[in-house]
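Letter by letter, the chains look like this.
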Amino acid sequence: PPDDWFTAVHDPDYYYGFCDGTLDAKIMRRIGFQWSVPLVERTRVECAGTILAAMLAMRHGLACNLGGGTHHAHSDFGSGFTILNDLAITARYVQRTGLARRVLVVD
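Fair warning: this is a prediction, and the values are worked out from it, not measured in the lab.

The rules behind the values
Residues numbered from 1 in each chain as written. Predicted model: local features only at pLDDT ≥ 70, side-chain atom pairs only at ≥ 80, totals over all residues. Heavy atoms only, no water. Axes fitted to C-alpha atoms, helices over the stretch in contact; angles between N-to-C directions. Helix = DSSP H or I, 4+ residues; strand = E, 2+ residues; numbered from the N terminus. Parallel < 35°, antiparallel > 145°, perpendicular 65-115°, else oblique. Left-handed = near helix turned anticlockwise from the far one by under 90°. Contact = heavy atoms within 4.5 Å. Nonpolar A, V, L, I, M, F, W, Y, C, P; charged D, E, K, R; others polar. Salt bridge = Lys/Arg side-chain N within 4 Å of Asp/Glu carboxyl O. Buried < 20%, exposed > 50% of the residue type's maximum accessible area, 1.4 Å probe, protein only. Arc of directions from axis to C-beta. Polar contact = N/O pair within 3.5 Å; in protein donor to acceptor, adjacent residues only side chain to side chain. 1 Å grid on protein atoms, 1.4 Å probe; cavity = no way out; pocket = protein on both sides within 12 Å on 5 of 7 lines; lining within 4 Å. Points joined across faces, edges and corners; volume = space filled by probe spheres on them. Patch = residues over 30% accessible without salt bridge, like charges linked within 9 Å, V, L, I, M, F, W, Y side chains within 5 Å. Areas by Shrake-Rupley, 256 points an atom, 1.4 Å probe, with all protein chains shown as cover.

A. Representation of the packing of helix α4 (residues 37-60) against helix α5 (residues 86-96) in the model. Running from N to C, α4 and α5 cross one another at 50°; their axes reach a closest spacing of 9 Å. One finds that α4 runs oblique with respect to α5. The element α4 and its partner α5 pack so that their crossing is right-handed. Contact residues: α4 offers Glu46, Cys47, Thr50, Ile51, Ala54, Met55 and Met58, while α5 offers Asp86, Leu87, Ile89, Thr90, Tyr93 and Val94. Residues belonging to the contact of α4 with α5 are distributed by class as follows: nine nonpolar, two polar and two charged.

B. The pattern of salt bridges, seen in detail. Scanning the model with the defined rule gives three salt bridges in all. A salt bridge links Asp3 to Arg44; the shortest N-O distance between them is 3.2 Å. Of this pair, Asp3 sits in helix α1 (residues 3-7) while Arg44 sits in helix α4, and the two are 41 residues apart along the sequence. One salt bridge in this structure joins Asp4 and Arg96, with 3.8 Å as the shortest N-O distance. Taken together, the residues Asp4 in helix α1 and Arg96 in helix α5 connect sequence positions 92 residues apart. Taking relative accessible area as the criterion, Asp4 reaches 38% and is therefore assigned partly exposed.

C. Layout of helix α2 (residues 12-20). What α2 keeps buried is the set Tyr14, Tyr15, Gly17 and Phe18. The buried residues of α2 occupy an angular sector of 165° when projected down its axis, which confines them to one face. Among the structural elements, α1, α3 (25-31) and α4 are those in contact with the buried residues of α2. At the N-terminal boundary of α2, the capping side chain belongs to Asp11, with an oxygen 2.9 Å from the backbone nitrogen of Asp13. One or two steps after α2, the chain reaches Gly21, where phi turns positive at roughly 75°.

D. Representation of the layout of surface pockets. Estimated volume of the largest pocket: approximately 430 Å³. Considering the residues around the largest pocket, the lining is formed by 22 residues, among which Thr50, Ala54, Leu87, Thr90 and Leu104 are closest to the centre. Elements that contribute at least two residues to the lining of the largest pocket include exactly α4 and α5. Looking at the lining of the largest pocket, the element that brings in the most residues is α4, giving five residues. Taken together, the residues of the lining of the largest pocket break down into 15 nonpolar, six polar and one charged.

E. Region of the structure containing a nonpolar patch on the surface. A grouping of Met55, Met58 and Leu99 is seen on the molecular surface, where their side chains present a nonpolar patch of about 250 Å² in accessible area. Here Met58 falls in the partly exposed class, since its relative accessible area comes to 43%.

Right, here's the structure in full:
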């Protein structure tokens, strides 16, 4: 997935620090995971899956991403085992691409 999907929602320093493994150990402890390359890939693909689910839901009326729902991340830090906020990323994506003006997230 392209980086601009993520930096449209997350602080670029936080996002790129996560991607390249340079986030402070204290920040990673708050997230709850130990950094690894597979964790970066899994996190990015999970967010892309939520975008795909949104697109499929618009086409077919219903879809879900069983790996998604990671909404505890803030723009510049993660928490509660959440690194990137896939729901915010997806909402911004559908707005930026003109697929929706408003998005409702029910938690």
